[in-house]
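Coordinate inspection notes
In case you want the letters, here they are:
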Amino acid sequence: MQTSLEDLVKTDTIEAVGAATANPAAAQGDGAKAKQQPRRSRVSNEDRRFKVFSGSANRELAEEICRHIGVTLGETRMQRFSDGEVYFQLLENVRGADVFVVQPTCWPVDQHLVELLIMIDALKRASAGRITVVVPYYGYARQDRKDRPRVAISSKLVADLMTTAGAHRALFMDLHAAQIQGFFNIPVDHMFASPVMIGYIRELNLPNLTVVSPDAGGVERARHIATKLGVPMAIVDKRRTDINVTEVMNVIGDVTGQTCLIVDDIIDTAGTLVKTVDTLLEKGALKVYAGASHPVLSGEAVQRIANSKLEQLFVTDSIPLRPEAQALKDSGKLKVLSVAGLLGAAILSIHMETSVSTLFS
């Protein structure tokens, strides 16, 4: 029987949460040991010092997180003037509270980023005790260095904006580059969707599986999943010729007769994904699946995936699917996995001041 996160909260220890997230059966067996840990305050709707709010980017995810941790999503009012300017108001007291703001900076990126900054400012001016931004998808993460002359490091700029607005700490999931954490002068917790994705991969029970990194930058991510599954890994040598334009060069590793699983953090226009699928099949792969944390799916991505030889793409609900992607989901070629429980456990861990890393042990 699967243990719900709401039930796990009653153990008063994040150690039990982490163990149950990784292995519910083991958590039940270690119940006596968990009870010996120091007791911590429960989280409930009556805890006025714990609040969760959401912008308009992914309210469904925020509501699901609240259901997992057993609190009610905070009441707010967000409107727009006729010229698009954002108006935001908190409809409940947050003075001295530990506040979490769930807002991925997904499409339209600039609109949702400004919403987040205004929400942080409102909370700061309402005397919130601590403000933690929960950003499942960090927009502008791909602009993290000067790879060409006279370009901005937009990822650093966004980090400065969040800090200046008044955020005290940040929680992210599957950043495009881990070093982005260093752009912040506040504590950062970096989550990974791998526990959820590995669980689903095991359910698929794919024969002769090889995990494939679509580029050199994703090797660490692919190696982690390959190690957890106990399967070999391959790497695609990719060269980027322009924004959203890549050229697949070669495959490092033997994929002949294998079922290949491409793992990535972002699926944007899906151009690289489709090229990688074709290349793997040309090299002798029997079937190709793909998994990614963030389904940006912009431009012609949905049409490309629908027309490709990809067996299935599975993603998380870090950002909502665009309307045109719904048909792809209905056909079974796109599967959405929920990370609400994982993010909820991390939020509880931060609130109760216990280790987030136990969620991945």
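Before reading on, note that the structure itself is shown above.
Residues numbered from 1 in each chain as written. Predicted model: local features only at pLDDT ≥ 70, side-chain atom pairs only at ≥ 80, totals over all residues. Heavy atoms only, no water.

1. A few points about helix α10 (residues 271-282)
With 12 residues, α10 extends 17 Å from end C-alpha to end C-alpha; this agrees with the ideal 16 Å at 1.5 Å per step. Residues of α10 that are buried include every one of G271, T272, L273, V274, T276, V277, T279 and L280, and no others. The positive-phi residue at the C-terminal boundary of α10 is G284, with phi of around 110°. (Helix = DSSP H or I, 4+ residues; strand = E, 2+ residues; numbered from the N terminus. Expected span 1.5 Å × (residues − 1). Buried < 20%, exposed > 50% of the residue type's maximum accessible area, 1.4 Å probe, protein only.)

2. Some details on helix α13 (residues 340-351)
With 12 residues, α13 should cover 16 Å at 1.5 Å per step; its first-to-last C-alpha distance of 16 Å lies within 8% of that length. Of all 12 residues making up α13, 12 are buried, and the element is well covered by its neighbours. All of the buried residues in α13 are A340, G341, L342, L343, G344, A345, A346, I347, L348, S349, I350 and H351. Looking at the residues trailing α13, positive phi occurs at E353, about 60°.

3. Details of the pattern of salt bridges
Throughout the structure, instances matching the rule amount to 13 salt bridges. The closest approach of N and O atoms between E64 and R67, which form a salt bridge, is 2.5 Å. Here E64 and its partner R67 are both found in helix α5 (residues 59-69), three residues apart, which amounts to about one turn of the helix. We classify R67 as exposed; its relative accessible area is 51%. Notably, a salt bridge pairs D121 with K124, separated by 3.8 Å at the nearest N-O pair. Of this pair, D121 and K124 are both found in helix α6 (residues 109-125), three residues apart, which corresponds to roughly one turn of the helix. The class for D121 is partly exposed, based on a relative accessible area of 25%. For K124, a relative accessible area of 37% gives the class partly exposed. One network of salt bridges, in which partners are shared, links D121, K124 and R125. (Salt bridge = Lys/Arg side-chain N within 4 Å of Asp/Glu carboxyl O.)

4. Points about the nonpolar core
In this structure, V52, I65, I69, L171, M191 and I347 are the most contacted members of the largest nonpolar core, which totals 44 residues. Sort the elements by how many residues they give to this core and α13 lands first, with eight residues. Beyond its immediate sequence surroundings of up to four residues, I347 is in contact with F50, I65, I69, F100, V134 and L171. In this structure, V99, I120, A141 and F184 belong to the second largest nonpolar core, which totals 34 residues. (Core = buried A, V, L, I, M, F, W, Y, C linked by side-chain atoms within 4.5 Å. Contact = heavy atoms within 4.5 Å.)

5. Details of the sheet that holds strand β6 (residues 169-173)
Taking strand neighbours across the sheet as the criterion, the five strands line up as β1-β4-β5-β6-β7 in an open arrangement whose pairing is parallel. At either margin of the open sheet sits one strand with a lone partner, and together these are β1 (50-54) and β7 (188-191). Across the sheet, the mean angle from the axis of one strand to that of its neighbour is 15°, orientation sign disregarded. With four bridges joining them, β6 and β7 adopt parallel strand pairing. Residue M173 lies in a different strand from β7, and its bridge partner there is M191. (Pairing = 2+ DSSP bridges. Axes fitted to C-alpha atoms, helices over the stretch in contact; angles between N-to-C directions.)

6. A few points about the packing of aromatic side chains
Scanning the model with the defined rule gives six aromatic pairs in all. Centroid distance F81 to Y87: 6.5 Å. Interplanar angle 85°. Geometry classified as edge-to-face. Classification of Y87 by relative accessible area gives partly exposed; the value is 30%. A connected cluster of aromatic rings, assembled from ring pairs, spans Y138, F172 and F184. Sitting over the face of the ring of W107, R322 holds its NZ or CZ atom 4.4 Å from the ring centroid. (Phe/Tyr/Trp six-rings, centres within 6.5 Å; stacked < 30°, edge-to-face > 60°. Lys NZ or Arg CZ within 6 Å of the ring centre and 35° of its normal.)

7. Topic: the pairing of strand β12 (residues 287-295)
Remark: a regular strand shows side chains that alternate across the two faces of the sheet. Burial analysis of β12 places eight of its nine residues in the buried class, which makes it a mostly covered element. Of the strand pairs in this sheet, strand β11 (residues 259-267) and β12 are connected by eight bridges, and their pairing is parallel. Among the inter-strand pairings, T259 is bridged to a residue of β12, identified as K287. With respect to chirality, the unit in which β11 leads through α10 into the neighbouring parallel β12 is right-handed. Inspection of the sheet shows β12 paired to strand β13 (residues 312-316) by three bridges, in the parallel sense. Bridged to G291 within β13 is F314. (Right-handed = clockwise from strand over helix to strand, strands pointing away.)

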